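Spelled out from the first residue to the last, the chains are:
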Amino acid sequence: MGILSPEQLQFFNSQGYLVIESFACSDEIESMMKRMEQLVDDFDPSSTASIFSTKNQQQSTDNYFFDSAERISFFFEEKAFGNDGKLKQPKQLSLNKVGHALHEIEPAFKKFSSSEKVSSLMRSLGYKRPAVMQSMYIFKQPGIGGEVVPHQDNSFLYTEPQTCTGLWLALEDANILNGCLWTIPGSHKNGLVRRFLRDEDGVKFDRPSPSYDQKDFVPIEVKAGSLVVIHGDLIHQSFENQSPKSRHAYSLHVVDMVGCKWAPENWIRRKVEPEPLFVS
Ligand SMILES: O=C(O)CCC(=O)C(=O)O
Ligand SMILES: [Fe+2]
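Cut-offs applied
- Residues numbered from 1 in each chain as written.
- Chains lettered and ligands numbered in written order.
- Predicted model: local features only at pLDDT ≥ 70, side-chain atom pairs only at ≥ 80, totals over all residues.
- Heavy atoms only, no water.
- UniProt positions renumbered as here; feature names shortened; annotations may be inferred.
- Phe/Tyr/Trp six-rings, centres within 6.5 Å; stacked < 30°, edge-to-face > 60°.
- Buried < 20%, exposed > 50% of the residue type's maximum accessible area, 1.4 Å probe, protein only.
- Helix = DSSP H or I, 4+ residues; strand = E, 2+ residues; numbered from the N terminus.
- Lys NZ or Arg CZ within 6 Å of the ring centre and 35° of its normal.
- Near = heavy atom within 4 Å.
- Polar contact = N/O pair within 3.5 Å; in protein donor to acceptor, adjacent residues only side chain to side chain.
- Areas by Shrake-Rupley, 256 points an atom, 1.4 Å probe, with all protein chains shown as cover.
- Nonpolar A, V, L, I, M, F, W, Y, C, P; charged D, E, K, R; others polar.
- Donors = N, O, S within 2.8 Å, 3.2 Å for Na, K, Ca; no water.
- Core = buried A, V, L, I, M, F, W, Y, C linked by side-chain atoms within 4.5 Å.
- Expected span 1.5 Å × (residues − 1).
- Arc of directions from axis to C-beta.

If you look the protein up in an unreviewed UniProt entry, it shows as Phytanoyl-CoA dioxygenase isoform A from Glycine soja. Database annotation for the protein, UniProt heading Cofactor (unreviewed entry): "Fe cation".

Shown next as structure tokens:
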């Protein structure tokens, strides 16, 4: 039993994604956005120079990135820096994302992430012992918010068999102009195309990305508070935000901890096992 209706489950199973409107209330959204504002204000940008890019992974293979699995770490936009290596605009408008353990460390994020409605949703999807493996606050800044190239979340959060589901919460309205998600409906039925592996040298994909036909993607335009549930094998992407409006989102990736094994080659190597949302 869970909160999804048979129609919603049917849609998710056939399309590989599902939009749940008004999943988060305005208090939850406000508490997370306010807290992020404080975290960014307190963050000293000279303390790190990590840049997040989905095109050039080499840059993000440092220890700052690896350690972020169990911390609150800050990643800049590629386009945030000038030729002099200095930030072109205030830090508040220069960050790509903050991650990857907000759901464990920060009460406002923990409250939402381990809420009854999130658990109930995971129950609906058949999870037995779901654990949030990572959380990200994604800014998609006005003007410079970078693209996220087509991918499947199971590439990054691989279990054997595969169990990752993405929960993407719009903290602000997301539309074509400010870089909303795009998906290829039904593409989750074609299996996982590649894996993202960590070894002594860093991280890399085991094979190149297939090329996708842009005509196959549909935009997922949603209001703030909507949750987009994403199957781990669904092909999805988002474009650069060239608009003057930001597109903040809070994204969780959940895997099951029974009947499957967390791959040791994943970039996330936890020192402490994550707490499951529930055990059934
Ligand atoms: O926020 C985006 O643009 C992409 C996020 C994403 O791919 C995810 O949360 O799995
Ligand atoms: Fe994703």
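Applying the stated criterion across every chain yields a total of 18 aromatic pairs. Centroid distance Phe65 to Phe66: 5.6 Å. Interplanar angle 45°. Geometry classified as tilted. Of the two residues, Phe65 and Phe66, both sit in the buried class. On the basis of an interplanar angle of 50° and a centroid distance of 4.9 Å, the ring pair of Phe156 and Phe196 is categorised as tilted. Pair noted here: Phe156 is in the loop between β5 (148-151) and β6 (159-160) and Phe196 is in strand β9 (residues 196-199), with a separation of 40 residues, a long-range link. Judged by relative accessible area, which is 17%, Phe156 ranks as buried. By way of ring pairs, the aromatic residues Phe23, Phe109, Phe112, Tyr137, Phe139 and Tyr250 are connected into one cluster. A cation over a ring is seen here: Lys117 above Phe23, with NZ or CZ 5.6 Å from the ring centre. Sitting above the plane of the Tyr158 ring, Arg195 keeps its charged end 3.7 Å from the centroid.

The immediate surroundings of ligand 1 are formed by Ile138, Val148, His151, Asp153, Trp168, Leu181, His236, Ser238, Arg247, Ser251 and His253. Within the side chain of Trp168, a nitrogen or oxygen atom sits 2.9 Å from an oxygen atom of ligand 1. Between Ser251 and ligand 1, the recorded distance is 2.7 Å, taken from a side-chain N or O atom to an oxygen atom. Taking 300 Å² as the accessible area of ligand 1 by itself, protein coverage stands at 96%. Elements that contribute at least two residues to the shell around ligand 1 include exactly β5, β13 (236-238) and β14 (249-256). Tallied by class, residues from the shell around ligand 1 come to four nonpolar, five polar and two charged.

Turning our eyes to something else, we now look at the coordination of the iron ion (ligand 2). The coordination sphere of the iron ion (ligand 2), as far as protein atoms go, consists of His151 (NE2), Asp153 (OD) and His236 (NE2), spread over 2.1 to 2.2 Å. When the donors of the iron ion (ligand 2) are listed by position in the chain, the intervening gaps give H-x1-D-x82-H. A residue pair is termed long-range when its members are at least 10 positions apart, and Asp153 in the loop between β5 and β6 and His236 in strand β13 qualify at 83 residues. For the pair shown, Asp153 and His236 are each scored as buried.

Here we take up the nonpolar core. Counting residues in each nonpolar core, the largest one holds 37 residues, and the members touching the most others are Met36, Phe112, Leu121, Met122, Leu167, Val229 and Tyr250. Counting residues per element, this core draws most heavily on helix α2 (residues 26-42), which supplies five residues. Listed in part, the 18 residues of the second largest apolar core include Leu181, Ile220, Leu234 and Ile235.

Take α2 next. Here α2 contains 17 residues, and its C-alpha end-to-end distance of 24 Å stays within 8% of the 24 Å for a straight helix at 1.5 Å per residue. Buried within α2 we find Glu28, Ile29, Met32, Met36, Leu39 and Val40. One face of α2 carries all of its buried residues, which in axial projection span an arc of 100°. Counted as exposed and oriented over 90 degrees from the buried face of α2: Ser26, Asp27, Glu37 and Asp42.

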